[in-house]
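# Coordinate analysis (summary)
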Amino acid sequence: MNGIRFGTYHSYENMSLVLNSKTIGEAPVKEKTVDIEGSHGVLDYTEFFGEPKYDRRTLIFNFQSIVPQKRFPELYSEIQNALHGRKMKIVLDEDTDFYYYGRLSVGNWTKDRNVGAVTITAECEPWKYKKDITRVSRTLSGTAQIVLSNLRMRTVPAVTASAEMSFVYGGMSVTAGPGTFTIPVLELTAGKNSVTVSGNGTVSFEYQEGGL
């Protein structure tokens, strides 16, 4: 039975809830405009800092219960104790490679013809995150070009090098290692990001991908 996983709890397997409907809200753009007197339209500086920024998104899940009516109060308490007010990962059974992250709110328990129902709402971060951390590793003996593919969310990878190496990205050159570190200028954008690495040893990049 398809449902929703809230942290370690599954809506059907652990809470006896059947998913009736769901709404995955958009991540609203944080528009920034200034109305200048005497000019047409407005001055839009939403992308002044390089790209649009996004506000929280709302997820709404409507459930019906499959337990007998005498168990309604007990089940409702179990759901509230497990979820209400908590911040956790939210995974849709039909989209298990990604998760949302937000704070949950358990709505009122209602009854219609002896069928219990409840709505669970989540106020989430704007990004839908990839479940698994992306890892790219190479063994070098000299210079190599490494391509790091990324979704929409900008991210700075953690770099682990077995020896001192040089990294060239976006016209900037940095020498670092051995060890694990970040390179602030190595900010990955959407698509394929090419990094030139020189050295002898093993280098790996780990980063969290996210999209809308």
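Above this text is the structure in question.
Thresholds applied
- Residues numbered from 1 in each chain as written.
- Predicted model: local features only at pLDDT ≥ 70, side-chain atom pairs only at ≥ 80, totals over all residues.
- Heavy atoms only, no water.
- Pairing = 2+ DSSP bridges.
- Helix = DSSP H or I, 4+ residues; strand = E, 2+ residues; numbered from the N terminus.
- Buried < 20%, exposed > 50% of the residue type's maximum accessible area, 1.4 Å probe, protein only.
- Polar contact = N/O pair within 3.5 Å; in protein donor to acceptor, adjacent residues only side chain to side chain.
- Contact = heavy atoms within 4.5 Å.
- Patch = residues over 30% accessible without salt bridge, like charges linked within 9 Å, V, L, I, M, F, W, Y side chains within 5 Å.
- Areas by Shrake-Rupley, 256 points an atom, 1.4 Å probe, with all protein chains shown as cover.
- Salt bridge = Lys/Arg side-chain N within 4 Å of Asp/Glu carboxyl O.
- Core = buried A, V, L, I, M, F, W, Y, C linked by side-chain atoms within 4.5 Å.

Once that is clear, we can look at the pairing of strand β8 (residues 98–106). With four bridges joining them, strand β7 (residues 87–92) and β8 adopt antiparallel strand pairing. Opposite I90, over in β8, you have Y100 as the bridge partner. Linkage of β7 to β8, two consecutive antiparallel strands, is achieved through a turn of five residues. Sheet topology note: the β8/strand β11 (residues 128–130) ladder contains two bridges and is antiparallel. For Y99, the partnering residue across the bridge sits in β11 and is Y129.

Here H10 is to be found in strand β2 (residues 9–10). Among the residues examined, H10 registers a relative accessible area of 1% and is labelled buried. Here Y12 takes part through its backbone nitrogen, which lies 3.1 Å from a polar atom of the side chain of H10. Reaching out from H10, the side chain makes a polar contact with the side chain of D93 at a distance of 2.8 Å. Apart from residues no more than four positions distant in its own chain, H10 is found in contact with M1, G3, I4, R5, M15 and D93.

With that settled, consider a nonpolar patch on the surface. Taken together, the side chains of V34, I36 and L43 make up a nonpolar region of the molecular surface, amounting to roughly 230 Å² of accessible area. Checked against the element boundaries, I36 lands in the loop between β4 (33–34) and β5 (43–44).

Counting 25 residues, the largest nonpolar core has F6, I79, L83 and I90 as the members making the most contacts within it. Counting only elements with at least two residues in this core, the list comes to β1 (4–6), β6 (57–65), α1 (72–83), β7, β8 and β10 (115–124). No other element matches α1, which puts six residues into this core. The contact partners of L83, leaving out residues within four places of it in the chain, are F6, Y9, M15, M88, L104, V106 and I120.

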